[in-house]
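Structural characterization, general
Each chain, letter by letter, is given below.
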Amino acid sequence: MRTICLYFQVHQPFRFRTYRFFDIGNDHYYYDDYTNESILRKVAEKSYLPANRLLLEMISRHKGKFKIAFSVSGIAIEQFKLYAPDVLDSFRALAETGQVEFLAETYAHSLASMKDSDEFTKQVMDHKALVKEHFGLEPNVFRNTELIYSDEIGAAVYKMGFRTMLTEGAKHVLGWKSPNYLYCNAIEPRLKVLLKNFKLSDDIAFRFSNKSWSDYPLTAEKFADWLKALPAAEETVNLFMDYETFGEHQWAETGIFEFLKALPEAVFKKTKYTFSTPSEVAKNLQVVSAVHVPNPISWADEERDLSAWLGNEMQKEAFNKLYELKDRVYESNDRELLLDFKYLQVSDHFYYMSTKFFSDGEVHSYFNPYSTPYEAFINYMNVLSDFKIRVDAAVPSGKDGEISRLSKIIREKDETIAKYDKEIQRLKKSASHAKATAGRPRKGPVKTAATMTATAPAGTKANTTTKTTSRTTAKHPAKTTSKSSGKKTGTGRSKK
Amino acid sequence: MKVLMFGWEFPPHISGGLGTASFGLTRGLSTIPDLDVIFVVPRAYGDEDQSKMRLIGAGDITLDTKHMRFSKLLGSISYIEVSSNLVPYHSPEEYESLVNKAENKKKKLIHTTMGGKLVFSGGYGKNLYEEIANYALVAQQIADENEHDVIHAHDWLTYPAGMAAKGISGKPLVIHVHATDFDRSGGKVNPGVFEIEKKGMEAADKVIAVSNLTRNTIIEKYGIAPEKVTTVYNAVEPLGDQEKIALRRGIDDKVVTFLGRVTLQKGPEYFVQAAEKVLRKMENVRFVMAGSGELLERMISWAASLGIADKFHFTGFLKGDDVFRMFSISDVYVMPSVSEPFGISPLEAMQSNVPTIISNQSGVAEILKYAIKTDFWDVDAMADAIYGLLNYPSLSEVFKKYGKEEVDNMKWENSAKKVFSLYKDAVLT
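Residues numbered from 1 in each chain as written. Chains lettered and ligands numbered in written order. Predicted model: local features only at pLDDT ≥ 70, side-chain atom pairs only at ≥ 80, totals over all residues. Heavy atoms only, no water.

Topic: the overall build of chain B
Within chain B, the secondary structure is distributed over 15 helices and 14 strands. Within chain B, the fraction of its 429 residues that count as buried is 58%. The long-range share in chain B, meaning contacts at least 24 apart out of those at least 6 apart in sequence, stands at 70%. For chain B, the exposed surface amounts to about 18000 Å²; the carbon and sulfur share of it is 50%. (Helix = DSSP H or I, 4+ residues; strand = E, 2+ residues; numbered from the N terminus. Buried < 20%, exposed > 50% of the residue type's maximum accessible area, 1.4 Å probe, protein only. Contact = heavy atoms within 4.5 Å. Areas by Shrake-Rupley, 256 points an atom, 1.4 Å probe, with all protein chains shown as cover.)

Quick look at the overall build of chain A
Each helix and strand in chain A was counted, giving 22 helices and 12 strands. The 496 residues of chain A split such that 54% are buried. In chain A, of all internal contacts separated by at least 6 residues, the share reaching a separation of at least 24 is 77%. By element, 54% of the accessible surface of chain A is carried by carbon and sulfur atoms, the whole surface being about 22200 Å².

Considering helix α4 (residues 117–135) of chain A
All names here are of chain A. With 19 residues, α4 ought to run about 27 Å at 1.5 Å a step, and its terminal C-alpha atoms sit 26 Å apart, in line with that. Among the residues of α4, those classed as buried are E119, F120, Q123, V124, H127, K128, L130, V131, H134 and F135. The opening residue of α4, the one whose side-chain oxygen lies 3.1 Å from the backbone nitrogen of D118, is D116. Positive backbone phi, approximately 70°, marks G136, located one or two places after α4. (Expected span 1.5 Å × (residues − 1). Polar contact = N/O pair within 3.5 Å; in protein donor to acceptor, adjacent residues only side chain to side chain.)

Quick word on the environment of B:V323
Residue and element names in this part refer to chain B. Summarising the element assignment, V323 is placed in helix α11 (residues 321–328). Taking the relative accessible area as the measure of exposure, V323 reaches 11% and is therefore buried. If sequence neighbours within four positions are ignored, V323 has contacts with L259 and L318.

Focus: the confidence of the model for chain A
Residues and elements named next belong to chain A. In the predicted model, chain A carries a mean pLDDT of 86, and 85% of its residues have values of at least 70. Between the elements of chain A, mean pLDDT differs from a low of 41, seen in helix α22 (residues 491–495), to a high of 97, seen in strand β2 (residues 68–72). Under a pLDDT of 50 for its full length, residues 444–496 has, in the predicted model, 47 contacts with residues more than four places off or in other chains. (pLDDT = per-residue confidence, 0-100.)

A look at the pattern of salt bridges
Residues and elements named next belong to chain A. Here the structure, examined in full by the defined rule, presents 42 salt bridges over all chains. A salt bridge links D89 to R92, with the nearest nitrogen and oxygen atoms 2.9 Å apart. Of the two residues, D89 and R92 are both situated in helix α3 (residues 85–96); the distance of three residues between them amounts to about one turn of the helix. Taken together, the shared-partner salt bridges in this structure form one network comprising E168, K196, D202 and R304. (Salt bridge = Lys/Arg side-chain N within 4 Å of Asp/Glu carboxyl O.)

What about the packing of helix α8 (residues 220–229) of chain A against helix α9 (residues 256–270) of chain A?
Residues and elements named next belong to chain A. Where α8 meets α9, the closest approach of the two axes is 8 Å, and the angle between their N-to-C directions is 45°. In terms of orientation, α8 lies oblique with respect to α9. Seen along the crossing, α8 lies across α9 with a hand that is right-handed. Residues A220, E221, F223, A224, D225, L227 and K228 of α8 form the contact with α9, whose participating residues are F259, A262, L263, A266, V267 and K270. The class makeup of the residues in the contact of α8 with α9 is nine nonpolar, no polar and four charged. (Axes fitted to C-alpha atoms, helices over the stretch in contact; angles between N-to-C directions. Parallel < 35°, antiparallel > 145°, perpendicular 65-115°, else oblique. Left-handed = near helix turned anticlockwise from the far one by under 90°. Nonpolar A, V, L, I, M, F, W, Y, C, P; charged D, E, K, R; others polar.)

Re the side chain of A:Q250
Within the element layout of this structure, A:Q250 appears in strand β10 (residues 250–251). Among all residues touching A:Q250, those that are not within four sequence positions of it are A:I204, A:A205, A:F206, A:R207, A:F208, A:S209, A:E244, A:T245 and A:I256.

As for the confidence of the model for chain B
Residue and element names in this part refer to chain B. The predicted model of chain B has a mean per-residue pLDDT of 78, with 75% of residues at 70 or higher. Of all the helices and strands in chain B, helix α3 (residues 107–116) carries the lowest mean pLDDT, 26, while strand β12 (residues 332–335) carries the highest, 97. Here residues 44–77 is modelled with pLDDT under 50, and outside its nearest four sequence neighbours on either side it reaches 84 contacts, counting other chains as well.

As for unusual backbone geometry
Residues and elements named next belong to chain A. Residue Y216 is joined to P217 through a cis peptide bond whose omega torsion reads -5°. Among the structural elements, P217 can be located in the loop between α7 (198–205) and α8. Residues other than glycine seldom take positive phi values, yet D301 does so here, at roughly 60°.

What to know about the packing of aromatic side chains
A full pass over the atoms with the stated rule returns 58 aromatic pairs over all chains. Look at A:F14 and A:Y343: their rings are 4.6 Å apart centre to centre, the planes differ by 50°, and that puts the pair in the tilted class. With a gap of 329 residues between them, A:F14 in the loop between β1 (3–10) and α1 (33–61) and A:Y343 in helix α14 (residues 335–344) connect regions that are remote in the sequence. For A:F14, a relative accessible area of 6% translates into the label buried. With a centroid separation of 5.2 Å and an interplanar angle of 40°, the aromatic rings of B:F312 and B:F314 are classed as tilted. The exposure class of B:F312 is buried, given its relative accessible area of 3%. Looking at B:F314, the relative accessible area reads 25%, which means it is partly exposed. Above the ring of B:F182, the side-chain terminus of B:K221 is found at 5.1 Å from the ring centroid. (Phe/Tyr/Trp six-rings, centres within 6.5 Å; stacked < 30°, edge-to-face > 60°. Lys NZ or Arg CZ within 6 Å of the ring centre and 35° of its normal.)

Concerning helix α2 (residues 74–83) of chain A
Residue and element names in this part refer to chain A. The element α2 is largely enclosed, with a buried count of eight among its 10 residues. Taken together, the buried positions of α2 are G74, I75, A76, I77, E78, Q79, F80 and Y83. Its buried side turned inward, α2 meets β1, α1, β2, α3, α4 and α14.

Considering the interface of chain B and chain A
It is common to report an interface's size as the accessible area lost on association of the parts. Contacts between chain B and chain A engage 25 residues on the former and 18 residues on the latter. Our enumeration of links across chain B and chain A arrives at three salt bridges. Our count for the contact surface shared by chain B and chain A stands at 10 residue pairs in polar contact (both at pLDDT 80 or more). Only α9 (268–281), β14 (372–374), α13 (379–391) and α14 (393–408) of chain B provide two or more residues apiece to the side of chain B that touches chain A. Considering each element in turn, the side of chain B that touches chain A owes the most residues, eight residues, to α14(B). Partitioning the side of chain B that touches chain A into residue classes produces 14 nonpolar, two polar and nine charged.

Looking at the sheet that holds strand β4 (residues 141–143) of chain A
Residue and element names in this part refer to chain A. With mixed pairing, five strands are arranged side by side in an open sheet as β4-β5-β7-β6-β12. Strands with a single pairing partner mark the edges of an open sheet, and in this sheet they are β4 and β12 (287–291). On average, each strand axis in the sheet is tilted by 40° relative to the strand beside it, whichever way the strands run. Note that strand β5 (residues 164–168) and strand β7 (residues 192–196) share five bridges and pair parallel. Pairing of T167 across the sheet is with L195, part of β7. (Pairing = 2+ DSSP bridges.)

So, in structure tokens, the structure goes:
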């Protein structure tokens, strides 16, 4: 069996507005709604909508023989909800054909896998739930942000319950090996790994309209011939690319949609290839070998590493400073903080800070709101400074944090005591009511109440509270009052 | 190949970026084999070496020729000083007041050295244009006596000299534009200066611009054919170890520095505005305005009226080692120039490991990667960049690390090679 696995990446970040340092502490809204909406609308009109329409038509025409896979980042889905519900509908329509697989990734298209396994897992689970909610499908194949992968990331992904993962068929990792087979993770062999054929993928994604390319123009027939010419033993050709390739990176005028439309026809006519989703590739093919990736790889730039996101000092500082706040953000349990924390993690912010664009410009400058990496860094750090002020206010750190942690415990215990007091009241009332009606005292409830009070922690404040409440609320019987307030005299007795 | 070069200042007597640039270029040219440079300089009046120059009469000028040998470099250049009162960066009006002042103080000296023996134009005029014309006359003489293949003139004061030399020898003329009057005047162009500049450019066989910004001005404002105008960027002299005179910082506060003439062209008011914005948000920072100029007093009173005078300092004019001392205690250098044909001082700051913010309206912005660029009028962006550099350590680390490397790779030798190939073109055509 020889098959083609088409997979498209869909992502758009929430870009920040120009956030000056004098906004720090004064203005907590970080996003450039106008730019975000207009870019998303533009890409939707030029790419997502026409491409989805075309794919839907192709799927119905080829009756179960044409299949594709998507991963749509959580941030992209959120933006579709805000600005382009029509795009969301068209993805849903594709999902309903049964020929489209949706993959899991990190919710925020983040680099969490490089830093924090808890955050990584959480985002993957959040994304999985979001995909289920919107497309009705449960993703069981994983692709990390920008196809970032290493042996360890793969092993972690297996632990999350995934059995298949996608990554780049980086030359420096594969050496003489071909990406056109099914591989497995080096630590956890039960995780199957699909590798991108970067030559053929990039022919479409990057070179399609390049007139100085020796193979220009690229037609579906030519592409099918290339596929046919691959060694007969090779089993799968994994074509992974940005979905914006269709209509945005390569404009409609270049003929990219016609190419896409003609591709399955040319393939079926000239070759014996089929189309498969990543799940089907993993199910139908045999693993030929493990792929060893000790250092993280990605699908970006010539180096296929992470230097575009975490290459320079600025990127590292911003990245580390952000994740330093993580624990306290979660501790705050503040909805707004959690949301901003998610948006701050979007990998694009770090990409904008890359100084690599001096040599590797074009792709980096794509939709980049900043003209230099320094502006991107300063803007991000200004936002992060404000975010940190908010986190500090919600959950103070250091010495202040210790005090606030202790006072929080006291506050919680006070609340518990107040709750129990109420309970005592209630029980007393019902007891006296029972006494009044039945004419005989019931020992049980009173006893329980006393026990409960006793379990509340000792402490001056707690004691005072208990005393006051007891005095003011408990009118009778006097016996109970003295018992509940007189903790110093021994709690053990009241239990008996 | 012999180059007859007309400059207007030469070390150690340097009043601005032009002297630095023409000296650097000459040094760069001296590394090219078979290339000799005769450098002609009008020397500012009152200089202590005045006695060395003897001017006997028109058509019979004895000039003092010195040979300077640069250590470690291949060639040597001839250096000719011409007694003159020419001082760059002064408008004709300023020049007049300068001469009057000098006359009042040293009247006798003027009389003997100029009134008596100077015959070639009937004595030094107080008028700058006359002075330039005198220089051109001397240039004629020099061109006649010294064999050369190319004439190279730096900036407007020397254009007439270059043209006069060309008139005598018929050799190709290369005009080097370090600045135009559009940059110096901040829009209020002096028609007399403009006229000289335009004539010089028109007469030239090749025009060198120090940046594309300047090149565009030459093409658009002076109507010069684009194919005649080539951009050759300036470079910077490598910093010798002995020059690293670090000053011990007396304060813990961060220091943000403006260094340059306090004139309209340099945009000092935008620096004051940015300082005020930063000081509103930050405590431990001080701003320094180093330099003098016609706007200095206004800046001082403005800083005071904004209530930031306790954090905003004025040093007056700095030169030589003091410049490097200033850089050594600076955390950020800002050049908010409204119009800067090139701008060598940011390169000097970067050599001293000082992160730099420059305006998009400077020629140097075309070649620098490791500098933050903002529009001169965008005070918010400038303040933001200052704040960022002071508060986010990795940013200044990146600048220190790569900025120095970047500047160290800008060598006068490379600029000189481009100039040399222009000479060859000029000689051939």
